[in-house]
Structures are given as C-alpha cells and as structure tokens.
Amino acid sequence: MNWMIIICETVIMTIAFTAMVMIPLVKNPVWWIHDYPEDIQEEYFKTHERVPSKFFSRSVLVKKGCALLVALVLMLVLMKLAGAYDFWSALALSYGIWLFIDWYDCFFLDWVLFANMKAVRLPGTEHMDKAYHQKRYHFVQSLWGMLIGLIPCLIGAAIYANIT
C-alpha cells in the first residue's frame, strides 16, 4: 500500500467530514440535535417544539444510515486507490482512517470547536457553558463511533476482497 496516498486520503476525508458536519451545524444546529448532550436537548425543548432526537428515532436512523452508506462507498474507493491487496489490508486501511476521523471529531471538533463556538449552540442554551464542555459525553460517543465504524469497514473490506 502507498502511505503517501493513505495520508492524502485521510486529510481529504477529514476535510470532507468537517464540512459535512460543520456546514449544517452552523446553518441550523437543530439538524444535529441528536448529537448534543441530553441536558442541552432538554433545555432546548423547554422553549421549542420537540423533534426526534433519540438514536433509534426514524430521522436519526435515516441520517446515520445514509452517512454509513456513503462511508461504505468511499471506503471502497479509498481501498482501491491506496492499493489494498486483501481483506485484512482493506480493513486496516478503512478502519484506520475511520479511527483517525472519529478521534479528530471527539478531540478537536467536539472538545474544542463545539464547546467554544457560540454559533453552534442551540437557541436558549447559550448560557450552558459547562454542558457544552462535557468531555466524558463526547468521549463515550467516540467509543460508540469506533464500534459503529466497524460495520462499513468490515462490509467494505469483504466486498473489496471479493471484487479484487
């Protein structure tokens, strides 16, 4: 596998992920309400109409399902470009990129940007500084992301191994 290509892929995927998250978040923070800590959601719903925000609600499953499908397709392309040669190399490549983005999301987007950007605060929760700085919440969500990421990476590696 070509490490320079892998590094470029990781950088490009990280930029794409950031845009995919931050653009809708800045335009309409409610779009990602299911990713906010529960105490922030509850404060928001005191003064706003309740929208589906539980992980297994239809709208959240559709959003997350579409994201996983896009991730699966992108992983197949990335595996080919990087020169993965079998199931294990394809899995290592795709899951390595997934982990990098997952940790970047937790340690930078969530802990730094999300916690400090007033533009992404839900209306009526602007005063909840402590709630927006919950590191444990985002770390636990990152662990779930690591687990969920195995799904497209395993499927993608299996598909890749069967088509190459």
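In this text, all values refer to a predicted model and were calculated from it rather than measured experimentally. Within every chain, residues take consecutive numbers counted from 1 along the sequence as written. Where totals are concerned, whole chains, interfaces and linings use all residues; where local detail is concerned, this predicted model gives features only for residues with pLDDT of at least 70, and gives and counts side-chain atom pairs only at 80 or more. Based on all heavy atoms of the structure, the side-chain values leave hydrogens and waters out of the count.

Caption draft 1: Summary view of the overall build of the protein. Counting from the N terminus, the helices are the DSSP runs of H or I reaching at least four residues and the strands are the DSSP runs of E reaching at least two. For the protein, the helix and strand inventory stands at six helices and zero strands. From first element to last, N terminus to C terminus, the protein shows the α and β order α-α-α-α-α-α. C-alpha extents for the protein along the principal axes are approximately 55 × 30 × 25 Å. The cut-offs for exposure are 20% and 50% of the maximum accessible area for each residue type, with area from a 1.4 Å probe on protein chains only; residues under the lower value are buried, those over the upper are exposed, and the others partly exposed. Relative to its 164 residues, the protein shows a buried fraction of 40%. Across the protein, contacts joining residues at least 24 apart in sequence account for 72% of those joining residues at least 6 apart. Counting 13 positive and 13 negative side-chain charges, the protein places the centres of these two groups 2 Å from one another. Any two residues whose heavy atoms approach within 4.5 Å at even a single point are treated as in contact. Here Asp and Glu are counted as negative and Lys and Arg as positive; His is not counted, and neither are the chain ends. Just so you know, the charge point we use is NZ for Lys, CZ for Arg, CG for Asp and CD for Glu.

Caption draft 2: Structural detail: the environment of Val-51. Structurally, Val-51 is set in the loop between α2 (38–45) and α3 (58–82). A residue is classified by how much of its surface remains accessible, and Val-51, at 28% relative accessible area, is partly exposed. A C-alpha to C-alpha distance of 24 Å links Val-51 and Leu-113, two positions 62 residues apart in sequence. Setting aside anything within four residues of it in sequence, one finds Val-51 in contact with Val-30, Ile-33 and Phe-45.

Caption draft 3: Spotlight on the packing of helix α1 (residues 3–27) against α3. Note on definitions: angles span 0 to 180 degrees between N-to-C directions of axes, and those axes are lines fitted to C-alpha atoms, for helices only across the stretch in contact. Close contact between α1 and α3 brings their axes to 9 Å; oriented N to C, the two are set at 155 degrees. In this view, α1 runs roughly antiparallel relative to α3, as classed from their interaxial angle. Viewed along their axes, α1 and α3 form a crossing whose handedness is right-handed. Contacts between α1 and α3 involve Ile-5, Ile-6, Glu-9 and Met-13 on the former and, on the latter, Leu-74, Leu-78, Leu-81 and Ala-82. Classifying every residue of the contact of α1 with α3 by side-chain character gives seven nonpolar, no polar and one charged. Between 65 and 115 degrees an angle is taken as roughly perpendicular, under 35 as roughly parallel, over 145 as roughly antiparallel, and anywhere else as oblique. Here a crossing is taken to be left-handed if its near helix is turned anticlockwise relative to the far helix by less than a right angle, and right-handed if that turn runs clockwise. Residue polarity is assigned by list, with Asp, Glu, Lys and Arg as charged and Ala, Val, Leu, Ile, Met, Phe, Trp, Tyr, Cys and Pro as nonpolar; anything else, Gly included, falls into the polar class.

Caption draft 4: The environment of Ala-161, seen in detail. As for its position among the elements, Ala-161 is in helix α6 (residues 135–163). When the C-alpha positions of Ala-161 and Met-4 are compared, they lie 22 Å apart, and in sequence the two are 157 residues distant.

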